[in-house]
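Topology and contacts: notes
Read off the chains here:
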Amino acid sequence: MTTKDWNISKLQVLRQCHRKFYFAYETAMHTFTNPYRRKAYELLKMKTLKMWQGSIIDWMITKEILPAYVDRKIPDYEVIAKRGVDLAKRQFEFSKNRFYHANNISRLEVGADWAILDIHESLTPFQEIELIEIYATIEKVLIDFPTYESPVFGKSMEQYLLSARFLRPDAKQMKYEYGGVKVQPQIDLISYMGKSMHVIDWKVSERDDADYSRQLLLAGIVALGFSRQKYRQEKWLPLPTLKDVRLFEFNLLSGKHKEHVFNKDAVANALDTVYLLSDDQEELSQSKSWENLDINEYERTNKVSTCAVCNFKNLCKHVILNGLNYDEAKYLKLVQNQKLENFAV
Ligand code: SF4
C-alpha cells in the first residue's frame, strides 16, 4: 500500500469542494512552466488581509519570540513588534508590485518578504484604513503577548514559557502513520512539563471553525506518538499516555484560550475522518499524473457560501467559460471585470 501524506488543510478542502481540491492539490505547482498550474499555485498561496495579519503575528511568535524562550531569554517585545510591522509593510509592497508573478524572482531568495494578497491578485476591494488597523493590531498583539493568560492558572504567558521544561515551537516534522495514511499536522508549539505536554495552536482569526479541534487532535496524536517513541528509545518508564496530553487553542487576537478534549473517542473519530477522506482522494486522482486527470470528475460544490470565500473562484469561473482551459489574458480580463462589478455593488 502506498502511503499518503495528509494535513488538515487538505482534509478541509476535500470536504468543502472537489473542484477546489483539484485546483489546490492536483493543479497548483510553483514552477512557471505551465501558466495554469502557476496561477493555481498563486491562488493557493493568496491571503485575505485578515489571514495575512494572522500570518505575520504567527511568524513573529514562531520565529522570534519562542526561540528566545527556548534559549531562556526574555525577548524585547517593543523591538519585535516594530519588526513585525516592518515585515508586514515589506510583504505588502512585494505583493502590490506583483513580484510573485515574476519568474526571475525566486521565493527562496525573497524569504519572509514573499506574499500574495487578494487585494492585488484578485483585485478584492479594500480601504486604506483597513491597512492602518492591521499594522496597529500586529503591533498590539506582539506587545501584549507576554501578559496573556497561559494554560496554567495564575501564570502569565511569559511565566509559563519560562517555566516549561522544554519548548518545541513549529514542530512541522512530526508525523504519524495510520492505515497507510501519513498525518503531518502543523503544530505551533509543544510545551513539555516532565512526562506531560501541552500542544498549542495559535488561532489568528475570528472564525470559529470545527477544524481547529480536528487539527489539534491530530497534533496531539502526533505529539504523543513522538514522545512515546523517545521514551522507548531512552528506555524511560512509564510511557506517556493520552492523559499526559492537553490541547489548547489560543486566540491571539483576544488573548483567550480554550482547552479541547483529548480522549480515546475523540482520537478515534479524528483518525477515522482522515482515513475515510483519504479514500475519497484515492478515488478522485487514482495517483494519475496531472495531464491525465479529468477536471469534470471533480465536482463543484453548490454551497454559495463556500464559493464566496474560495481563493479559486475567478479561476473556477474562467475555466468553465473557457471550455475547461486556461488562458492567462482572458483570466486577467475576467478578474478586471469582476473588480468593476464589485465596485458597482
Ligand atoms: S468557486 Fe466554488 S465550485 Fe469553484 S472551486 Fe471554489 S468552492 Fe469549488
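Residues numbered from 1 in each chain as written. Predicted model: local features only at pLDDT ≥ 70, side-chain atom pairs only at ≥ 80, totals over all residues.

1. Regarding the overall build of the protein
- Within the protein one finds 14 helices and eight strands.
- The C-alpha radius of gyration computed for the protein amounts to 22 Å, which stays within 12% of the reference 20 Å derived for 345 residues, consistent with globular compactness.
- For the protein, the spread of C-alpha atoms along the principal axes amounts to about 60 × 50 × 35 Å.
- Looking at the 345 residues of the protein, the share that counts as buried comes to 30%.
- Nonlocal contacts in the protein, meaning residues at least 24 apart in sequence, comprise 65% of its contacts between residues at least 6 apart. (Helix = DSSP H or I, 4+ residues; strand = E, 2+ residues; numbered from the N terminus. Rg over C-alpha atoms; globule rule 2.2 N^0.38 Å. Buried ≥ 20, exposed ≤ 12 C-beta atoms within 10 Å, placed from the backbone. Contact = placed C-beta atoms within 7 Å.)

2. Overview of the nonpolar core
- Counting 68 residues, the largest nonpolar core has F23, A40, I57, V199, V222 and A223 as the members making the most contacts within it.
- Counting only domains with at least three residues in this core, you end up with domain 1 (46–147) and domain 2 (305–344).
- Ignoring any residue separated from it by four or fewer positions in sequence, one finds V199 in contact with I187, I190, L216, A219, G220, A223, V245 and L247. (Core = buried A, V, L, I, M, F, W, Y, C linked by C-beta atoms within 7 Å. Domains from an automatic or database assignment.)

3. Quick look at the domain arrangement of the protein
- Taken domain by domain, the protein holds domain 1 (46–147) and domain 2 (305–344).
- Summarising the inter-unit geometry, the C-alpha centres of domain 1 and domain 2 are found 27 Å apart.
- Domain 1 puts four residues into the contact, and the matching count from domain 2 is eight residues.

4. Quick look at the environment of L123
- You can see L123 is positioned in the loop between helix 7 (118–121) and helix 8 (128–144).
- By the C-beta count within 10 Å, which is 18 here, L123 ends up partly exposed.
- Not counting residues within four places of it along the chain, the set of residues in contact with L123 comprises V335, Q336, Q338 and K339.

5. Describing the packing of helix 5 (residues 77–96) against helix 8
- Between helix 5 and helix 8, the least distance of the axes is 8 Å, while the angle of their chain directions is 150 degrees. The angle between helix 5 and helix 8 falls in the class roughly antiparallel. Note that helix 5 runs across helix 8; the crossing there is right-handed. Contacts between helix 5 and helix 8 involve Y77, E78, I80, A81, G84, V85 and A88 from the first element and I134, Y135, I138, E139, L142 and I143 from the second.
- The residue makeup of the contact of helix 5 with helix 8, split by class, is 10 nonpolar, one polar and two charged. (Axes fitted to C-alpha atoms, helices over the stretch in contact; angles between N-to-C directions. Parallel < 35°, antiparallel > 145°, perpendicular 65-115°, else oblique. Left-handed = near helix turned anticlockwise from the far one by under 90°. Nonpolar A, V, L, I, M, F, W, Y, C, P; charged D, E, K, R; others polar.)

6. Digging into the site of the ligand
- Inspection of the region around the ligand gives C17, R19, K20, F23, R300, T301, T306, C307, C310, F312, K313 and C316 as its neighbouring residues.
- Contributing elements (two or more residues each) for the shell around the ligand: helix 2 (18–27), helix 12 (304–308) and helix 13 (313–321).
- No other element matches the three residues that helix 2 contributes to the shell around the ligand.
- The residue makeup of the shell around the ligand, split by class, is six nonpolar, two polar and four charged. (Near = placed C-beta within 6 Å.)

7. Re the pairing of strand 6 (residues 196–203)
- Within strand 6, six of the eight residues are buried, which leaves it mostly tucked inside the rest of the structure.
- As judged from the five bridges shared by strand 5 (residues 189–193) and strand 6, these two strands associate in the antiparallel manner. Residue pairing for strand 6: L189 is matched across the bridge by I200.
- Once strand 5 ends, the chain turns through two residues before running back antiparallel as strand 6, passing G194 with a positive phi of about 65 degrees.
- Here strand 6 pairs with strand 7 (residues 245–251) via seven bridges, running parallel. By the bridge assignment, V199 is partnered in strand 7 with L247. (Pairing = 2+ DSSP bridges.)

8. Considerations on the sheet that holds strand 8 (residues 256–260)
- Judged by pairing direction, the sheet is mixed, and its five strands sit side by side in the order 2-5-6-7-8 without closing on themselves. One side of each edge strand has no neighbouring strand; the edge strands of this open sheet are strand 2 (166–169) and strand 8. On average, adjacent strands in this sheet sit at an angle of 25 degrees to one another, irrespective of strand direction.
- The strands touched by helix 4 (residues 49–70) are strand 2, strand 5 and strand 6; relative to strand 2, the strand with the most contacts, the crossing angle is about 155 degrees.

9. As for the pairing of strand 2
- The alternating pattern of strand 2 places L167 and P169 on a buried face and F166 and R168 on a face that is not buried.
- In the sheet, strand 2 pairs with strand 5 via four bridges, with the strands oriented antiparallel. Each residue of the ladder has a partner; that of L167, found in strand 5, is S191.

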